[in-house]
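Close look at the chain arrangement
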Amino acid sequence: DPGLGPGEVIQVIRAEGLKPEAIVLTHAHLDHVAGIPAVLAAFPGLPIIGHAAEREWPADPELNLSAGYGFPVSVPNATRFVDEGDALRIGGDTWRILHTPGHSPGGISLINDDLEIALVGDTLFAQSIGRSDFPGSDERTLIESIRGKLYSLSDATRIMPGHGPESTIGTEKRTNPFVRD
């Protein structure tokens, strides 16, 4: 998710001599897509991968919520779409896709079973969950995504949310005040 101000990430990629393979969107809200032009300027030709439920969101300030914050942002839309059960090979690792809607209709989580890591976007946070009061959000669907999909991962799986500190599935199942197992 190339959010607002991806300059530091771009610098680290260059300093480490890494070669990005794609931009992957966990969802298409403003704070997760606004940096797409900067990343594409730094690394031209990268595919943008997202969920088809948010096919037009990055380019639409109403859908990506930027219009409501007073600075409408229109960035390139995804060029490739993934859904539940798909897998991405990135840097030699396999990341399986879970469709985890609720915070937004096209929310996805990327799961690396070998490393026990889950990139969960804004679906689940340490001791919290994603907002469900935005247009296109749905609290019941969000809870179902967490309980039915993320909480089925091993307790040792580290979650890397779109904001805030990491946690583990086991910790969240036991202590998350919004969604306990």
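A short tour of the structure in this document, coming up. (Residues numbered from 1 in each chain as written. Predicted model: local features only at pLDDT ≥ 70, side-chain atom pairs only at ≥ 80, totals over all residues. Heavy atoms only, no water.)

Quick look at the overall build of the protein chain
Across its full length, the protein chain holds 5 helices and 11 strands. Dimensions along the principal axes, computed over C-alpha positions, put the protein chain at roughly 45 × 40 × 25 Å. Looking at the protein chain as a whole, 45% of its 181 residues are labelled buried. Long-range contacts, defined as pairs at least 24 residues apart, comprise 60% of the intrachain contacts of the protein chain with a sequence gap of at least 6. Put simply, the protein chain shows about 8,800 Å² of open surface, and 53% of that area lies on carbon and sulfur atoms. (Helix = DSSP H or I, 4+ residues; strand = E, 2+ residues; numbered from the N terminus. Buried < 20%, exposed > 50% of the residue type's maximum accessible area, 1.4 Å probe, protein only. Contact = heavy atoms within 4.5 Å. Areas by Shrake-Rupley, 256 points an atom, 1.4 Å probe, with all protein chains shown as cover.)

Considerations on the sheet that holds strand β1 (residues 23-24)
Read from one edge of the open sheet, 3 strands run β1-β2-β3, paired in parallel fashion. At either margin of the open sheet sits one strand with a lone partner, and together these are β1 and β3 (80-81). By the bridge criterion, 2 bridges tie strand β2 (residues 48-50) to β3 in an arrangement that is parallel. The residue bridging Ile49 from the neighbouring strand is Arg80, located in β3. (Pairing = 2+ DSSP bridges.)

Structural notes on the pattern of salt bridges
Applying the stated criterion to the full structure yields 5 salt bridges. Of the charged contacts in the structure, one is a salt bridge between Lys173 and Asp155, with a shortest N-O distance of 2.8 Å. Of this pair, Lys173 sits in helix α5 (residues 169-175) while Asp155 sits in the loop between α4 (139-148) and β10 (158-161), and the two are 18 residues apart along the sequence. By relative accessible area, which is 40% here, Asp155 ends up partly exposed. (Salt bridge = Lys/Arg side-chain N within 4 Å of Asp/Glu carboxyl O.)

Here we look at the packing of aromatic side chains
Note on aromatic pairs: each is described by the distance of the centres and the angle between the planes. A full pass over the atoms with the stated rule returns 0 aromatic pairs. Here the basic side chain of Arg14 rests over the ring of Phe43, its NZ or CZ set 5.6 Å away from the ring centre. Directly above the ring of Phe81 sits Arg55, whose terminal nitrogen or CZ lies 4.1 Å from the centroid. (Phe/Tyr/Trp six-rings, centres within 6.5 Å; stacked < 30°, edge-to-face > 60°. Lys NZ or Arg CZ within 6 Å of the ring centre and 35° of its normal.)

Quick look at a nonpolar patch on the surface
A cluster of nonpolar side chains, Leu4, Tyr69 and Phe71, forms an exposed patch at the surface whose accessible area comes to about 330 Å². Residue placement: Leu4 occurs in the segment before α1 (7-15). Owing to a relative accessible area of 52%, Leu4 belongs among the exposed residues under this scheme. (Patch = residues over 30% accessible without salt bridge, like charges linked within 9 Å, V, L, I, M, F, W, Y side chains within 5 Å.)

A few points about the pairing of strand β5 (residues 93-99)
Relative to β5, strand β4 (residues 87-90) runs antiparallel, the two sharing 4 bridges. Within β5, the residue paired with Leu88 across the bridge is Trp95.

What to know about the environment of His163
Along the chain, the position of His163 falls in the loop between β10 and β11 (167-168). For the pair His163 and Gly130, spaced 33 residues apart in the sequence, the C-alpha separation amounts to 9.8 Å. Residues in contact with His163, not counting those within four places in the same chain, are Asp31, His32, Asp122 and Phe125. Here Asp31 takes part through its side chain, which lies 3.0 Å from a polar atom of the side chain of His163. For His163, the side chain forms a polar contact with the side chain of Asp122, separated by 3.3 Å. (Polar contact = N/O pair within 3.5 Å; in protein donor to acceptor, adjacent residues only side chain to side chain.)

Examining α4
Regarding α4, the residues found buried are Leu142, Ile143, Ser145 and Ile146. For α4, the buried positions fall inside an angular range of 160° around the axis, keeping them on one side. Away from the buried face of α4 by more than 90 degrees, exposed residues Arg140 and Gly148 are located. Those residues of α4 that are buried are in contact with β5, β8 (124-125) and β9 (128-129). (Arc of directions from axis to C-beta.)

A closer look at the nonpolar core
Ile23, Leu25, Val33, Ile36, Val39, Phe43 and Ile48 are the most contacted members of the largest nonpolar core, which has 17 residues in total. If you list the elements that add at least two residues to this core, you get α1, α2 (30-33) and α3 (36-42). Those residues within four positions of Ile23 in sequence are excluded, and the remaining contacts are Pro2, Ile36, Val39, Leu40, Leu46, Pro47, Ile48 and Ile49. (Core = buried A, V, L, I, M, F, W, Y, C linked by side-chain atoms within 4.5 Å.)

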